Amino acid sequence: IMEIRLENVNKTFKNGKRVVEALKNINIKINDGEFFGVLGPSGAGKTTLMRVIAGLETPTTGSVYFDNNVVARDNKNIVDVEDRNIGMVFQTWGLYPHLSVYDNIAFPLRVKRWSEDEIKKRIYEITDILNIRNTINLKPGQISGGQQQRVALCRALVKNPTILILDEPFSNLDAVIKDSARELAREIHNRDTITTLIVSHDPADIFSLADRAAVINHGVMEQLAEPLEIYDNPKSLDISKLIGDINTFEVEIENDNDTPFFDLNGTKIEAPGYPAGRAIIGIRPEDIKILDNDDKGYKNIGEATVRVSSYASGQFKITLSFVNSDIQFSINSEIPYKTGKNVPIGIRENKIKFFDIN
Ligand code: ADP
Ligand code: MG
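Bear in mind the structure is a predicted one, so any value in this text is a computation, not a measurement.

### What about the packing of helix H2 (residues 101-111) against helix H4 (residues 145-157)?
In contact at an axis separation of 7 Å, H2 and H4 are set at 25° when each is read in the N-to-C sense. Taken together, H2 and H4 sit at an angle that is classed as roughly parallel. The handedness of the crossing between H2 and H4 comes out as right-handed. Residues Val101, Asn104, Ile105 and Pro108 of H2 form the contact with H4, whose own contacting residues are Val151, Cys154 and Arg155.

Encoded structure:
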């Protein structure tokens, strides 16, 4: 069990003449035993953040603490990688193809000079827990992707680390195995309440696993909250898109008397507390629907024309455009609608998200 704290962490890389600011003034406290998510687009700085925590990189400036002990400060590791007791699983798993599953998992223990008897006992134990005991004499190339991922997890866990780092661990798995891999990660965390960090660009990983998550974009931590809070109240348009589908509309907020409002397809909608001027509003697909008999909580905003219907995982995705404009948006529906049909549209007003135009 371990608390991790980053204080004003900056990381810059020099690529020839080009300077990349991979992390900009990051301040995060990850609690003892927490399952902590890091979400962000590719190139945001997620892996760099994990490598700084692990001790594979030093922060250019700033400090990293484990509990109250400083482990890195201002371009110097005070506690080295080997002494940080961290288990890591990366996207590519990094198994040694010429070694058996057994020898892959034994590797970190041999580095630590455990005896072969102790190693054997521990490998039997951990491969039983992760249900790959029957693969230990095979090579990574002879087992499935899901099993390879479990081998990587075993290797990360074999030393009983106090921190587990999972950097995009599921991106090479197909959808069906992904779910059971998430379940396994949850189980491992619950077993020892080991402080666990999961990095992903896939919101499903964050929603199913993380107690809290940090959103990183261009090296800046833009939001830190519980996943549902990020979903409901994303701090920026970029974040709202990162964590789920969202329909966006550019609107003009007017403020001539008490309550600010804007016009959406000819309907006046209130925007309490928002300054006058142009803004982008966001509405998630589940907060906008084709009105039928069960419309409690939805405000009618007039008609739209069905443009395209597609079908995926038990739902129709219907793309529509407002009758008097060609602005398109998408909703989810349990039933199909015919292209060209005009239908009444309702929205959940209190779920509208407002973003500045910059
Ligand atoms: P993510 O994991 O979110 O995709 P990374 O942390 O890998 O992002 O990279 C963040 C930025 O830092 C990128 O612009 C990347 O090119 C740069 N970067 C990462 N590692 C190095 C390195 N060793 N040398 C130079 N630039 C790097
Ligand atoms: Mg990465």
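### Examining H4
Taking 1.5 Å as the rise per residue, H4 with 13 residues should run 18 Å; its terminal C-alpha atoms sit 18 Å apart, in good agreement. Counted residue by residue, H4 has 10 buried out of 13 residues, so it is predominantly covered. All of the buried residues in H4 are Gly146, Gln148, Gln149, Val151, Ala152, Leu153, Cys154, Arg155, Ala156 and Leu157.

### Points about the packing of aromatic side chains
The geometry of an aromatic ring pair comes down to the distance between the two centres and the angle between the two planes. On inspection of all chains with the given rule, the structure shows 8 aromatic pairs. Taken together, a centroid distance of 6.0 Å and an interplanar angle of 80° make the contact between Phe262 and Phe354 edge-to-face. Of this pair, Phe262 sits in strand E13 (residues 261-264) while Phe354 sits in strand E21 (residues 353-356), and the two are 92 residues apart along the sequence. Exposure remark for Phe262: the relative accessible area of 0% places this residue in the buried category. For Phe354, a relative accessible area of 17% translates into the label buried. Aromatic pair Phe322 and Phe329: ring centres 4.8 Å apart, planes at 40°, arrangement tilted. When sorted by exposure, Phe322 lands in the same class as Phe329, which is buried. Within the aromatic cluster, the residues linked to one another by ring pairs are Phe249, Phe322 and Phe329. Positioned above the aromatic ring of Tyr298 is the side chain of Lys289, whose terminal nitrogen or guanidinium carbon lies 5.3 Å from the ring centre.

What counts and how
- Residues numbered from 1 in each chain as written.
- Chains lettered and ligands numbered in written order.
- Predicted model: local features only at pLDDT ≥ 70, side-chain atom pairs only at ≥ 80, totals over all residues.
- Heavy atoms only, no water.
- Axes fitted to C-alpha atoms, helices over the stretch in contact; angles between N-to-C directions.
- Helix = DSSP H or I, 4+ residues; strand = E, 2+ residues; numbered from the N terminus.
- Parallel < 35°, antiparallel > 145°, perpendicular 65-115°, else oblique.
- Left-handed = near helix turned anticlockwise from the far one by under 90°.
- Contact = heavy atoms within 4.5 Å.
- Expected span 1.5 Å × (residues − 1).
- Buried < 20%, exposed > 50% of the residue type's maximum accessible area, 1.4 Å probe, protein only.
- Phe/Tyr/Trp six-rings, centres within 6.5 Å; stacked < 30°, edge-to-face > 60°.
- Lys NZ or Arg CZ within 6 Å of the ring centre and 35° of its normal.

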